[in-house]
Structure formats: C-alpha cells, structure tokens
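# Coordinate inspection notes
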Amino acid sequence: MTKMDYLKLLVDEIHSTTVATIGSDGHPQTRIIDMMYYDEEGVYFLTATGKTFYDQLMEQQYVAISATKDKIAVILRGKIKNIGEKNLDIMFKKKSVYEENLSGRYERRNRGVSTV
C-alpha cells in the first residue's frame with residue numbers, strides 16, 4: 001500500500017482514531033479524534049483552541065496515532081503542524097454530516113486545523 005492508501009484508509013474507512021500525546025505529569029494521554037481529510041501533505045483533524053489537547057499539540061509538536069477496524073491496523077507517528085484554517089471549509093462540510101445526528105450543527109468558533 002502507498003502512503004495515500006493508508007491516509008485514505010484512516011479518513012474514509014476508519015475515521016475515529018486514538019491520538020497520543022504526553023500529559024503534564026509526563027505520562028501518555030490518549031483521545032479519540034476523527035481524521036477529517038487527507039492529501040499529499042498529510043492527514044488533517046480539527047482541534048479546539050484553549051483545550052489541554054490543543055496546548056499539548058502546540059507544545060510537543062509530535063503525536064502517535066493508532067486505529068483499527070475489521071482486523072486492519074494503522075499506526076502513524078509524526079510532527080504536528082497547526083495550519084490555521086487551511087481546508088477548514090472542506091472539513092466542516094464533512095463534520096456537519098457526521099454530527100447531524102447528534103446536535104444538528106457544529107460550531108466553527110475556536111477551531112483550528114492540524115496535520116500530521
């Protein structure tokens with residue numbers, strides 16, 4: 001499989017992944033994060049500014065991502081970049097479809113885009 005095949009698998013097939021950072025106590029901390037978009041530069045996800053997770057991403061600038069579905073596992077480690085609002089419109093269109101059943105809308109306020 002190529003890099004693009006793995007990124008497509010993460011976004012389109014698995015979608016919800018486990019993202020690991022290091023907590024302020026020095027221990028690993030994980031969260032379930034939806035992978036929203038991919039291109040030749042990497043895989044993209046949304047984060048809320050002002051949250052502990054966002055602060056850890058900006059401080060550490062490195063993550064480990066793992067995901068599994070139907071006996072297929074993907075592991076990705078790499079540098080994280082805050083890319084502002086690049087691809088934000090694409091991701092909000094996808095996000096609104098995913099969250100329509102939960103709340104009917106998704107707020108853009110205080111959202112940033114990160115890529116690995």
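Residues numbered from 1 in each chain as written. Predicted model: local features only at pLDDT ≥ 70, side-chain atom pairs only at ≥ 80, totals over all residues. Heavy atoms only, no water.

## Comments concerning the pairing of strand β2 (residues 28–34)
For strand β1 (residues 16–22) and β2, the ladder comprises seven bridges, and the chain directions are antiparallel. Within β2, the residue paired with Ser16 across the bridge is Asp34. Linking two consecutive strands that pair antiparallel, namely β1 and β2, is a turn of five residues; a positive phi of about 85 degrees is found at Gly26 within it. (Pairing = 2+ DSSP bridges. Helix = DSSP H or I, 4+ residues; strand = E, 2+ residues; numbered from the N terminus.)

## A short note on the nonpolar core
Core analysis: the biggest nonpolar cluster contains 12 residues, these being Leu7, Val11, Val19, Ile33, Met35, Val43, Phe45, Phe53, Leu57, Val63, Ile65 and Ile80. Every element with two or more residues in this core is listed here: α1 (3–14), β4 (42–48), α2 (52–60) and β5 (62–69). (Core = buried A, V, L, I, M, F, W, Y, C linked by side-chain atoms within 4.5 Å. Buried < 20%, exposed > 50% of the residue type's maximum accessible area, 1.4 Å probe, protein only.)

## So, α2
All buried positions along α2 are accounted for by Phe53, Tyr54, Gln56 and Leu57. The arc that holds every buried residue of α2, seen down its axis, measures 160 degrees, which confines them to one face. Of the exposed residues in α2, those oriented more than 90 degrees away from the buried face are Thr52 and Glu59. Looking one or two places after α2, you find Gln61, whose phi comes out positive at around 55 degrees. (Arc of directions from axis to C-beta.)

## Digging into the sheet that holds β2
The four strands are arranged β2-β1-β5-β6 in an open sheet whose pairing can be described as antiparallel. The sheet terminates laterally at β2 and β6 (72–79), the two strands that pair on one side only. Strand-to-strand, the axes of this sheet are offset by a mean angle of 25 degrees, without reference to chain direction. In the sheet, β5 pairs with β6 via eight bridges, with the strands oriented antiparallel. In the strand pairing of β6, Ala64 is matched with Arg77. Seen against the sheet, α1 touches β1, β5 and β6 and runs at an angle of roughly 115 degrees to β6. Strands β1, β2 and β5 of the sheet are contacted by α2, whose axis makes an angle of about 65 degrees with β1. (Axes fitted to C-alpha atoms, helices over the stretch in contact; angles between N-to-C directions. Contact = heavy atoms within 4.5 Å.)

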